[in-house]
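Chains, contacts and geometry: an overview
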Amino acid sequence: MMKKLLAVVGVTLLLASCQEKEEVIKPVAMELNVEAAGFYCQMTILDHVGPKAQIHLAGSPFPLWFSQVRDAVAFTRLPEESKDYVAIYVNDMDNAESWQQPGNNNWIDADAAFFVIESTRNGGMGAPEAIPFGTQAGAEKFSSENGGKVVTFTKIPDDYVLKPVEFELSEPTNN
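The structure displayed is predicted, hence computed values, not measured ones. (Residues numbered from 1 in each chain as written. Predicted model: local features only at pLDDT ≥ 70, side-chain atom pairs only at ≥ 80, totals over all residues. Heavy atoms only, no water.)

1. Considerations on the nonpolar core
The tendency in soluble globular proteins is for nonpolar side chains to be buried side by side. Within the largest apolar cluster, 22 residues are counted, with the highest numbers of intra-cluster contacts made by Phe66, Val69, Val90, Phe115, Ala130, Phe153 and Ile156. Among the elements that make up this core, the one with the highest residue count is helix α2 (residues 69-77) (five residues). Counting residues in hydrophobic clusters, the runner-up holds eight residues, among them Met93, Ala96, Val116 and Ala139. (Core = buried A, V, L, I, M, F, W, Y, C linked by side-chain atoms within 4.5 Å. Buried < 20%, exposed > 50% of the residue type's maximum accessible area, 1.4 Å probe, protein only. Helix = DSSP H or I, 4+ residues; strand = E, 2+ residues; numbered from the N terminus.)

Structural data, given as structure tokens:
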């Protein structure tokens, strides 16, 4: 009886290991254009300064766009958001024209980037930013000029991207 049971378990495991796994092909980064709207804010991405991000979900031909890299990192950490992403791209600030024009097609894989967090620079929506660079040297140079520290994507603290941000509201003026 035990031999029969072991034989059935062995055949089941063999069949399970023979099943082909569906291989997901990583999509290429899309060029940023005027139609790109922020996933959370629904505002035109090009209207904001600082680095941007795009997340590609399995089965979707279009990425989710983010006005700030911080928001894309938060998306990956929030339990209510999809975990079915197959690629995350961020602007490579090593190759950005400027903070005002971070670039429309200078994307790098977030897993390969070096991020400066806790710097004096805020992102396009006014919140603290996780600023991506394609090289560690570029991130360290930025950090030495603007404060902060250099980390990789997985080392960005959850609290850094998920904690509430205090904004100062200005009083309306009567003209």
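2. Some words on the layout of surface pockets
Of the voids in this model, the largest pocket is the one considered here, and its volume is about 170 Å³. Lining the largest pocket are Met93, Asp94, Ala96, Glu97, Ser98, Trp99, Arg121, Phe133, Gly138, Lys141, Phe142 and Glu145. A breakdown of the residues in the lining of the largest pocket according to their chemical character gives five nonpolar, two polar and five charged. (1 Å grid on protein atoms, 1.4 Å probe; cavity = no way out; pocket = protein on both sides within 12 Å on 5 of 7 lines; lining within 4 Å. Points joined across faces, edges and corners; volume = space filled by probe spheres on them. Nonpolar A, V, L, I, M, F, W, Y, C, P; charged D, E, K, R; others polar.)

3. So, the environment of Asp47
Residue placement: Asp47 occurs in the loop between α1 (2-18) and β1 (53-57). Assessed through its relative accessible area of 62%, Asp47 is described here as exposed. Considered as a pair, Asp47 and Gln100 are 53 residues apart in the sequence and their alpha carbons are 9.5 Å apart.

4. Describing the pairing of strand β3 (residues 85-91)
In terms of burial, β3 is largely enclosed, as five of its seven residues are buried. Direction of pairing for β1 relative to β3: antiparallel, over a ladder of five bridges. Bridge pairing links Ala53 to Val90 in β3. Across three bridges, β3 lies against strand β4 (residues 107-109) in antiparallel orientation. Paired with Asn91 across the bridge in β4 is Trp107. (Pairing = 2+ DSSP bridges.)

5. Focus: the pattern of salt bridges
Taken as a whole and assessed by the stated rule, the structure comprises three salt bridges. Across the pair Lys141 and Glu145 runs a salt bridge, and its minimum N-O distance is 3.0 Å. With a gap of four residues between them, Lys141 and Glu145 both fall in helix α3 (residues 136-146), about one helical turn apart. (Salt bridge = Lys/Arg side-chain N within 4 Å of Asp/Glu carboxyl O.)

6. A few points about the sheet that holds strand β6 (residues 131-133)
With respect to topology, three strands assemble into an open sheet ordered β6-β5-β7, the strand pairing being antiparallel. The two strands at the open ends of the sheet, each matched to only one other strand, are β6 and β7 (149-152). Adjacent strand axes in the sheet meet at a mean angle of 35°, parallel and antiparallel pairs treated alike. Examined bridge by bridge, strand β5 (residues 114-117) and β6 share three bridges and lie antiparallel to one another. (Axes fitted to C-alpha atoms, helices over the stretch in contact; angles between N-to-C directions.)

7. Considerations on the side chain of Glu129
Note on placement: Glu129 falls in the loop between β5 and β6. Although Glu129 is buried, it forms no salt bridge, and the closest oppositely charged side chain is Arg70 at an N-O distance of 6.8 Å. A distance of 3.1 Å separates the side chain of Glu129 from the backbone nitrogen of Val69, its partner in a polar contact. Side-chain polar atoms of Glu129 contact the backbone nitrogen of Arg70, separated by 2.8 Å. When neighbours within four sequence positions are excluded, Glu129 is seen to be in contact with Pro51, Gln68, Val69, Arg70, Val116, Ile117, Arg121, Asn122, Gly123 and Tyr160. (Lys, Arg positive; Asp, Glu negative; His and termini not counted. Polar contact = N/O pair within 3.5 Å; in protein donor to acceptor, adjacent residues only side chain to side chain. Contact = heavy atoms within 4.5 Å.)

8. Points about the sheet that holds β4
With respect to topology, four strands assemble into an open sheet ordered β2-β1-β3-β4, the strand pairing being antiparallel. At either margin of the open sheet sits one strand with a lone partner, and together these are β2 (64-66) and β4. When the angles between neighbouring strand axes are averaged without regard to direction, this sheet yields 25°. The pairing of β1 with β2 spans three bridges and is antiparallel.

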